[in-house]
Amino acid sequence: MKAWVLGGPEQLNYVEKPIPEPGSSEVLVRIDAVAICATDLEIISHGLPASIEGELPFNKGFTPGHEYMGTVVKLGPTVDEFQIGDRIAVEIHAGCGRCPRCREGMYTSCLNYGFHSKGHRANGFSTDGGFAEYAVNNVNTMVHVPEDMPDEEATLIVTAGTAMYGLDVLGGVIAGEGVVVLGPGPIGLMGVGVAKALGAQPVILTGTRDRRLEMGKLLGADAVVNVNHEDPVTAVQRLTGGKGVQYVLECSGAPNALNDAARMVTRGGRICLAAFPHEPALVDLAYLVRNNIYVFGIRGEGKAPPIAPPRSWDRNASTPN
């Protein structure tokens, strides 16, 4: 098959690679469409956050790309959850399944991240991704795509999953409570749509690009703020009558985003950080503490129900407790 392979920094080579074989609990996917994430550009330039067996991915025959969809063309042993010909979209992470985080369902925070030898898979980050004709995916990382959904839209399912995960971590939006989304990138725009679908009121989107902000309106934003023209904190206070909102989904990675978010929420409000800032940020922690503001960070698309821990064993009993 043809595939893009990462050489050194800023170097992608178009090469021939063997078509991978699906193992147990895996399928082979023919890539029908793939989106390009800003994180892909980070990986191509800097390597991180990709990691292969604890090392940067350069010159390891690594194929990036993690926002893709396709068609199942081959089943691995024991797979009956999918059939050949199924249209699917993917999420990135299949944790090792053995570390404490995976057993809690937090597979996107797998403690064996990057170590395929210990069972971790994250296509486009630690294992080959979708900048190729075919990819292997664990059945736990795939969802069926409706027949009436175009291929291009299906590539955004992973992005929508990240926005949904962020709002879930915040405790779930209560209908009628306010949400501010900082940054009208793909995750931020998806956050607007998801928050509105969950009944948030108002949904306010901030950013620097009018075209993106207008897209936010189409997805349900009640108000948009161009931060080049108005201070975002002042704007949120104006739009909420000085009350602020209950939740902020931070998707911009801007240096002062967390401080701005803290002044947008009410006391006891919640902030979710979903972006990767380029530099360490100076944060007013005292303000967060004084106002009992909760801050969460997320990575990836979600969290599964926890796996029950192993039962203890009573040496004097003939069966496990």
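Here the structure is a predicted model, which means the values were calculated and not measured.

### Some details on the pairing of strand E10 (residues 179-182)
Residues of E10 alternate between two faces, with Val 179 and Val 181 on one and Val 180 and Leu 182 on the opposite face, all of them buried. With four bridges connecting them, E10 and strand E11 (residues 203-207) associate as parallel partners. Bridge pairing links Val 181 to Leu 205 in E11. Following the chain from E10 across helix H5 (residues 186-197) to the adjacent parallel E11, one finds a crossover that is right-handed.

### Section: a nonpolar patch on the surface
A surface patch of nonpolar side chains, amounting to about 310 Å² of accessible area, comprises Met 215, Leu 218 and Leu 219. Inspection of the secondary structure puts Met 215 in helix H6 (residues 210-218). What makes Met 215 partly exposed here is its relative accessible area of 40%.

### Some remarks on the sheet that holds strand E5 (residues 87-90)
Strand pairing in a sheet takes place through backbone hydrogen bonds and is either antiparallel or parallel in direction. Pairing is antiparallel across the open sheet formed by five strands, whose spatial order is E8-E3-E4-E5-E9. Two strands lie at the open edges of the sheet, namely strand E8 (134-138) and strand E9 (142-144), each paired on one side alone. Shown here is a sheet whose adjacent strand axes are inclined to one another by a mean of 45°, direction ignored. Relative to E5, strand E4 (residues 67-75) runs antiparallel, the two being bridged by three bridges. Its bridge partner being in E5, Met 69 is matched across the sheet by Ala 89.

### With respect to the sheet that holds strand E13 (residues 245-250)
Within the open sheet, the six strands sit side by side as E12-E11-E10-E13-E14-E15. Their pairing is parallel. Two strands close off the open sheet at either side, each with one partner strand: strand E12 (223-226) and strand E15 (294-297). If you compare each strand with its neighbour and ignore which way they point, the axes differ by 15° on average. Two elements, E11 and E12, share four bridges in a ladder whose sense is parallel. When the bridges of E12 are listed, Thr 206 appears paired with Val 225.

### Remarks on the side chain of Thr 159
You can see Thr 159 is positioned in helix H4 (residues 157-169). Here the side chain of Thr 159 touches Glu 67 through a polar contact of 3.4 Å, side chain to side chain. Residues in contact with Thr 159, not counting those within four places in the same chain, are Glu 67, Pro 186, Ile 187 and Met 190.

### Side note on the packing of H4 against H5
Between H4 and H5, the shortest axis-to-axis distance is 8 Å and the interhelical angle comes to 60°. By the criterion of interaxial angle, the relationship of H4 to H5 is oblique. Between H4 and H5 the crossing geometry is right-handed. Here H4 contributes Thr 159, Ala 160, Thr 162, Ala 163, Met 164 and Leu 167 to the contact with H5, which in turn contributes Pro 186, Ile 187, Met 190, Gly 191, Val 194 and Ala 195. Here the residues of the contact of H4 with H5 are counted per class, giving nine nonpolar, three polar and no charged.

### A look at the layout of surface pockets
The computed volume of the second largest pocket comes to approximately 300 Å³. Lining the second largest pocket are Leu 156, Thr 159, Pro 186, Leu 189, Met 190, Arg 211, Arg 212, Met 215 and Leu 219. If you list the elements that add at least two residues to the lining of the second largest pocket, you get H5 and H6. By residue class, the composition of the lining of the second largest pocket is six nonpolar, one polar and two charged.

### Regarding a negative patch on the surface
Taken together, Glu 147, Asp 148, Glu 152 and Glu 153 make up a surface patch of like negative charges. By the element assignment, Glu 153 lies in helix H3 (residues 151-154).

Each value, and the rule that gives it
Residue indices begin from 1 for each chain and proceed along its sequence in written order. At least 70 in pLDDT is required for a residue's local features to be given in this predicted model, at least 80 for side-chain atom pairs to be given and counted, and no such filter applies to totals for whole chains, interfaces and linings, which use all residues. With hydrogens and water excluded, all non-hydrogen atoms of the structure serve as input to the side-chain values. Using a 1.4 Å probe on the protein chains alone, a residue whose accessible area is under 20% of its type maximum counts as buried, one over 50% counts as exposed, and one in between counts as partly exposed. Going along the chain from the N terminus, every DSSP run of H or I of four or more residues is numbered as a helix, and every run of E of two or more is numbered as a strand. Here, strands pair whenever DSSP counts at least two bridges between them. By definition, the crossover connecting two strands over a helix is right-handed if that path, from the first strand to the second, turns clockwise as seen with the strands pointing away from the viewer. Patches in this entry comprise residues that are over 30% relatively accessible and not in a salt bridge; like charges within 9 Å are linked, as are nonpolar side chains (Val, Leu, Ile, Met, Phe, Trp, Tyr) within 5 Å. A 1.4 Å probe and the Shrake-Rupley method give the accessible areas. Residues count as covered only by the protein chains that appear here. Every case where a carboxyl oxygen of Asp or Glu lies within 4 Å of a side-chain nitrogen of Lys or Arg is listed as a salt bridge. As a rule, the C-alpha atoms of each element are fitted with a line to give its axis, helices using only the stretch in contact, and angles between N-to-C directions run from 0 to 180 degrees. Whenever two N or O atoms come within 3.5 Å, that pair is a polar contact, provided that in protein one can donate a hydrogen and the other can accept it, and provided that, for residues adjacent in sequence, both atoms are side-chain atoms. Contacts between residues were defined by any pair of non-hydrogen atoms, one from each residue, lying within 4.5 Å. Any angle from 65 to 115 degrees is called roughly perpendicular, while one under 35 is roughly parallel, one over 145 is roughly antiparallel, and all others are oblique. Crossing chirality is assigned from the near helix's rotation relative to the far helix, an anticlockwise turn below a right angle marking it left-handed and a clockwise turn marking it right-handed. Side-chain classes are defined by residue name, with Ala, Val, Leu, Ile, Met, Phe, Trp, Tyr, Cys and Pro counting as nonpolar, Asp, Glu, Lys and Arg as charged, and the others, Gly among them, as polar. Whether a set of points on the 1 Å grid over the protein atoms alone is a cavity depends on a 1.4 Å probe fitting there but being unable to get out, while an open set qualifies as a pocket with protein on both sides within 12 Å along at least five of seven lines; lining residues are those with an atom within 4 Å of a point. Grid points are joined across faces, edges and corners, and a volume is the space filled by probe spheres set on the points. Asp and Glu count as negative and Lys and Arg as positive, but His and the ends of the chain are not part of the count. Here the site of a charge means NZ on Lys, CZ on Arg, CG on Asp, or CD on Glu.

Worth remembering: the numbers are spatial, not functional.
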